[in-house]
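Residues per chain are reported as follows:
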Amino acid sequence: MGIQILAIGEVMLELAPAGEFNGKKLMALGYAGDTYNTSIYLARLGVRTAYFTRLGDDPYSRELLQIMVQEGLDTASIEAVPGRTPGLYLIANQPNGERNFSFWRGQSPAREMFSTKESSSALEKRLQEVNTAYFSGVTIGILSDEARATLLCALAEFRARGGKVIFDNNYRPQLWRDRAHAQLAMDQSLAVADIALLTDDDAERLWGSGKPEDILDRCITAGVSEVVLKRGPNPVVVAIEPRDGQYQQRIQVEVPPVAKVVDTTAAGDSFNAGYLAARFAGENIDRAAARGSRCAGVVIQHRGAIVEREIFLREISA
Ligand code: ADP
C-alpha cells in the first residue's frame, strides 16, 4: 500500500544530560526534530509515513536511518550527502527546572534542501506519489529564501492537483532574520495549508496574539479549512467548515489532566500525530483532539522527545 503522508524537515542529534562520571558530564544520545517526532509517532500509530530530509554519510546518519526503518518510516526520500554530518543540539537543565538548548546546525545538510535541482525534483517526484504533505515553521525556517519559495511553490502545485497540505507553525525566533521575515513566511505557509495545527504561545510570539479569535481570523483569510489550536493544558480549539468569512463549526475539547508532567518536549509534535492518525482513520474532530491529547499526555510523562517504543504503545492503549 502507498504512503499516506510525506513529512518534510530536519532531524538532529540530541545530547541530553545523563548524570556524571569521574567529574565529567555524561550525555545521552538521541535523535529528534519537530517533523521527525511527529513522523515517528504517526508511524507507531499505524499511519504509513515517509520522511523527507538530507543527512550525512557518517555513522550517526547511518544509525538514524536504521532507527527510522525499524520504526516503520519510509526513508526513500532521504539523501545521504557524502562527507557531511547532521545538525546537533545539547540540552542543559537549569536549576529552576527550565531547559536550555544550544545548537550546531549551520552545516546541517537539511538546510540545503531544495537549493539544488536534484533536491527539488526529488520532492516533486515524491509529491506525485502521496496524498498528504506535512511541514512546519522549522522546515521553512532552516531554508534559504529561494529554497523556501521552491518548497512553497511545490506544495501549492501539489494542492492544486488535489493533495492535502498540513502545517504546524512551530516558531523558533533564532531561525529567522527578524519577526517580520518569519511572519511573511508563516503567512505564505498558511496560504498553502488545508490543515493548520498551531500553538497559542508560538502564535503570540509570532503574530502578537495567541487569542483563538485572532488566530482563526488569520487562518480563514489564508484559506485554511481545518484549524487546531493547542494551548498547553487548556482546552484545544478546533474549527472547520469555513464559509462566509467564518468557521461554521468551532469546538473546544478538554485536555485530560496529567498528574506528573516530566518534560513537555514534543508535546505539540505528538499531539499532531494522535490528531492526524485519528482524522486519517475517519474520526470526527472531537475524537481526534482527544486522541491528540492522549498521545501528548503519554509523551510528557517521560523524558525526551521520543518515548521508548514499547512504553509508548503500552501506555497509549492503556
Ligand atoms: P507545544 O509543545 O507545541 O508547545 P502545547 O504546549 O500547546 O504545544 O501542548 C500540546 C498538547 O500537549 C496540548 O494540546 C495538550 O494536549 C498536551 N499538553 C501540553 N501541556 C500539558 C499539560 N501540562 N497537561 C496535560 N496536557 C498537556
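Thresholds, definitions, all that
- Residues numbered from 1 in each chain as written.
- Predicted model: local features only at pLDDT ≥ 70, side-chain atom pairs only at ≥ 80, totals over all residues.
- Heavy atoms only, no water.
- Near = heavy atom within 4 Å.
- Polar contact = N/O pair within 3.5 Å; in protein donor to acceptor, adjacent residues only side chain to side chain.
- Helix = DSSP H or I, 4+ residues; strand = E, 2+ residues; numbered from the N terminus.
- Salt bridge = Lys/Arg side-chain N within 4 Å of Asp/Glu carboxyl O.
- Buried < 20%, exposed > 50% of the residue type's maximum accessible area, 1.4 Å probe, protein only.
- Pairing = 2+ DSSP bridges.
- Contact = heavy atoms within 4.5 Å.
- Arc of directions from axis to C-beta.
- Core = buried A, V, L, I, M, F, W, Y, C linked by side-chain atoms within 4.5 Å.
- Axes fitted to C-alpha atoms, helices over the stretch in contact; angles between N-to-C directions.
- Phe/Tyr/Trp six-rings, centres within 6.5 Å; stacked < 30°, edge-to-face > 60°.

## Quick look at the site of the ligand
- As a structural note, the neighbourhood of the ligand is formed by 16 residues, with Thr 199, Gly 232, Gly 268, Ser 293 and Ala 296 the closest of them.
- At 2.9 Å, a side-chain N or O of Ser 293 approaches an oxygen atom of the ligand.
- Those elements giving two or more residues to the shell around the ligand turn out to be strand E11 (226–231), helix H9 (267–280) and helix H10 (285–299).
- Top contributing element to the shell around the ligand by residue count: H9, with 3 residues.

## Focus on the pattern of salt bridges
- With the rule as written, the count across this model stands at 19 salt bridges.
- Among the salt bridges present, the one from Glu 112 reaches Arg 84, with a minimum N-O distance of 3.1 Å. Residue Glu 112 is found in the loop between strand E7 (99–104) and helix H3 (117–127), and its partner Arg 84 is found in the loop between strand E5 (78–80) and strand E6 (88–93); the two are separated by 28 residues along the sequence.
- Between Arg 205 and Asp 202 there is a salt bridge; the shortest N-O distance is 2.7 Å. You can see Arg 205 and its partner Asp 202 sitting in helix H7 (residues 200–207), 3 residues apart, about one turn around the helix.
- Overall, the relative accessible area of 46% leaves Arg 205 in the partly exposed class.
- By sharing partners, the salt bridges in this structure join Arg 54, Glu 79, Arg 84 and Glu 112 into a single network.

## A word on the pairing of E6
- Pairing between strand E2 (residues 12–21) and E6: 3 bridges, direction parallel. Bridge pairing in E6 links Glu 14 to Tyr 89.
- Pairing analysis gives 6 bridges linking E6 to E7, with the strands arranged antiparallel. Along E7, the bridge assignment pairs Asn 93 with Arg 99.

## Observations concerning the side chain of Asp 194
- Position of Asp 194 among the secondary structure elements: in the loop between helix H6 (179–190) and strand E10 (195–199).
- Discounting residues that sit within four places of it in the chain, Asp 194 has contacts with Arg 159, Gly 163, Lys 164, Val 165, Val 224, Ser 225 and Glu 226.

## Some remarks on helix H8 (residues 212–222)
- Turning to H8, its buried residues number three or more, namely Pro 212, Ile 215, Leu 216, Cys 219 and Ile 220. Projected onto a plane normal to the axis of H8, the buried residues spread over an arc of 130° and lie on a single side.
- The elements touched by buried residues of H8 are H6, E10, H7, E11, strand E12 (234–243) and strand E13 (246–253).

## As for the nonpolar core
- Judged by nonpolar contacts, the single largest core of 51 residues is most densely connected at Tyr 36, Met 68 and Tyr 275.
- In contact with Tyr 275, not counting residues within four places along its chain, are Leu 197, Glu 226, Val 228, Val 238, Ile 285, Ala 288, Ala 289 and Gly 292.
- Membership of the second largest hydrophobic core comes to 49 residues, among which are Ala 133, Ala 154, Val 165 and Ala 196.

## Side note on the environment of Ala 267
- Within the fold, Ala 267 resides in helix H9.
- A relative accessible area of 23% means that Ala 267 is categorised as partly exposed.
- Each C-alpha atom, one on Ala 267 and one on Lys 164, is 23 Å from the other, the two residues being 103 residues apart in sequence.
- Every residue in contact with Ala 267, bar those within four places of it in the chain, is listed here: Ala 296 and Ile 300.

## Some remarks on the sheet that holds E6
- One open sheet accounts for 4 strands, arranged E3-E2-E6-E7; its pairing is mixed. Each having just a single partner strand, strand E3 (24–32) and E7 make up the two edges of the open sheet. On average, each strand axis in the sheet is inclined to that of its neighbour by 30°, with strand direction left out of account.
- Pairing geometry for E2 and E3, over 8 bridges, is antiparallel. In the strand pairing of E3, Ala 16 is matched with Ala 28.
- Contacts from helix H2 (residues 59–70) reach E2 and E3, with the element oriented near 50° to E3.

## Observations concerning the packing of aromatic side chains
- As enumerated under the stated definition, the model contains 8 aromatic pairs in all.
- Considering the side-chain rings of Phe 135 and Phe 167, the 4.8 Å spacing of their centres and the 40° angle between planes classify their relative orientation as tilted. With Phe 135 in strand E8 (residues 132–136) and Phe 167 in strand E9 (residues 164–168), this pair connects stretches of sequence that are 32 residues apart.
- Taking the relative accessible area as the measure of exposure, Phe 167 reaches 0% and is therefore buried.
- Their ring planes at 15° and their centres at 6.2 Å tell us that Phe 271 and Tyr 275 sit as a pair that is stacked. You can see Phe 271 and its partner Tyr 275 sitting in helix H9, 4 residues apart, about one turn around the helix.
- Cluster of aromatic residues (ring-pair linked, three or more members): Tyr 89, Phe 101 and Phe 103.

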